[in-house]
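Remarks on the overall topology
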Amino acid sequence: MSMLAEHTFKILVTGPFAAGKTSLIQSISQSPVVTTEVATSGDEADVKALTTVAMDFGTFALEGADEGEETINLLMFGTPGQDRFRFMTDILKADVDVVTFVVSAEAPESFEEAAEMLVLVMTGLEAPIVIAVNRCDNHDRAREVAAAIGADDAIQVIPCQLVDPASGREVIAEVLVALLQSSEYELMSQGVQQ
Amino acid sequence: MGLVADNSFVADLHLLNPNPFAQTPTLASLVHDRLDPQAILNAIVRSVAGVTGAALATADGRSVAHSDHLAHDPSRSAMIAATMGLAGQLIGVVGGRELEEVIVRAESGIVIVYAVGNEGVLTVLSRASTNLHHINTEVRSRIEVLRTAVRNGR
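A few points on the structure. Think of each chain on its own: its residues are numbered from 1, step by step along the sequence as written. Chains carry letters and ligands carry numbers; both start at the beginning, A for chains and 1 for ligands, and go up in the order they are written. Confidence filtering applies because this is a predicted model: local features only for residues at pLDDT of at least 70, side-chain atom pairs given and counted only at 80 or more, and all residues used for totals across whole chains, interfaces and linings.

1. As for the overall build of chain A
Secondary structure elements are defined from DSSP: runs of H or I of at least 4 residues count as helices, runs of E of at least 2 residues count as strands, and each element is numbered from the N terminus. Helices and strands together make up the secondary structure of chain A, namely 6 helices and 8 strands. When its helices and strands are written in sequence order, chain A yields β-α-β-β-β-β-α-β-α-β-α-β-α-α. What the globule rule says is 2.2 Å times the number of residues to the power 0.38, and the radius of gyration is computed from C-alpha atoms. Relative to the 2.2 N^0.38 estimate, which gives 16 Å for 194 residues, the radius of gyration of chain A is 17 Å and therefore close to what a compact globule would have. Taking the principal axes of the C-alpha coordinates as reference, chain A spans close to 60 × 35 × 30 Å. Partly exposed residues are those whose C-beta has more than 12 but fewer than 20 other C-beta atoms within 10 Å; with 20 or more the residue is buried, with 12 or fewer it is exposed, and the C-beta atoms are placed from the backbone. Counting across all 194 residues of chain A, residues that qualify as buried make up 45%.

2. Here's the deal with helix H4 (residues 139-148) of chain A
All names here are of chain A. Inspection of H4 places Ala142, Val145 and Ala146 among the buried residues, and these make up the whole buried set. Looking straight down H4, one finds its buried side chains confined to an arc of 100 degrees; they lie on one side. Against strand S6 (98-104), strand S7 (129-134) and strand S8 (156-160) lie the buried residues of H4. The first or second residue beyond H4 is Gly150, which carries a positive phi of 95 degrees. Each C-beta atom gives one direction from the helix axis, and the arc is the one those directions make. By definition, residues are in contact whenever their C-beta atoms, placed on the basis of the backbone, come within 7 Å of each other.

3. Comments concerning the environment of Glu69 of chain A
All names here are of chain A. Relative to the elements of secondary structure, Glu69 occurs in the loop between strand S4 (56-62) and strand S5 (71-78). Accessibility expressed as a C-beta count within 10 Å gives 11 for Glu69, which makes it exposed. Taking the C-alpha atoms as reference points, Glu69 and Glu6, 63 residues apart in sequence, are found 8.7 Å from one another.

Put into structure tokens, the structure is as follows:
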């Protein structure tokens with residue numbers, strides 16, 4: 001009788017306002033997305049009609065191809081992007097396994113804020129990070145954007161178009177790579193094998 | 001007709017300012033008070049014993065106005081918006097579609113958050129012993145004018 005190994009990981013999807021966080025979760029979630037979008041007000045309404053005020057939640061499961069292979073469940077928690085909701089990020093980042101930081105290549109005015117957010121989000125976290133550069137098709141440009149927000153060369157960066165589910169799945173593939181490389185996953189796998 | 005109209009203004013005046021010896025307002029000041037969100041919030045506070053403050057914000061967490069003696073606190077508006085956002089999803093558990101209110105109760109007091117249409121939220125703070133029915137009555141009679149205030153403040 002085979003033992004089915006199942007691992008569940010918490011993914012934090014964060015980044016500045018209108019970067020594409022909700023789009024990422026909506027494009028790839030395999031369960032109905034819990035979203036808390038409301039009408040946007042003030043000058044932010046010029047950017048988009050709806051904005052997240054508490055969190056988004058979606059799931060993604062990757063089942064092993066063969067019997068007995070591991071199944072990986074990703075629980076994706078998306079944060080609001082505005083600074084006034086920073087307390088939600090502080091709540092949601094507890095016990096996170098991977099951070100997916102979304103930034104829009106078409107919004108250079110957000111890079112300074114994104115750099116500050118990146119520092120704040122990662123403060124106190126040991127988790128690996130993947131930077132998803134949205135509205136971008138070019139790896140070199142994505143790396144430039146990542147550098148502009150203070151990410152060093154060791155951080156995984158991926159260009160993406162998050163309105164496209166296929167692109168969202170590529171981001172998730174990067175997240176899985178980050179997970180596989182993390183020591184926590186290695187330790188969990190060893191524990192299962194023992 | 002004029003007498004009837006005048007009497008309704010006086011009734012409203014007593015809601016806005018229960019002091020009968022206060023200076024008689026002008027028509028312009030009455031109209032202003034009817035539309036001014038802070039005056040509306042002050043009226044709610046004065047109308048129910050035990051209510052200690054009221055604040056109006058957009059549904060996406062921006063402050064619109066608050067009653068006298070309640071500190072301006074942008075983070076409160078954001079927390080309220082987040083609370084309403086989650087509660088709006090939670091009511092689906094009981095098959096609800098339109099969130100009406102959220103009540104947070106502690107030994108030290110009560111926070112009641114009302115949906116003001118889809119675009120606004122009203123927060124009422126009160127002592128723990130306050131009659132919630134009275135608060136509901138006062139708030140619901142002013143929801144439409146609050147909705148207008150939110151739209152004007154967006």
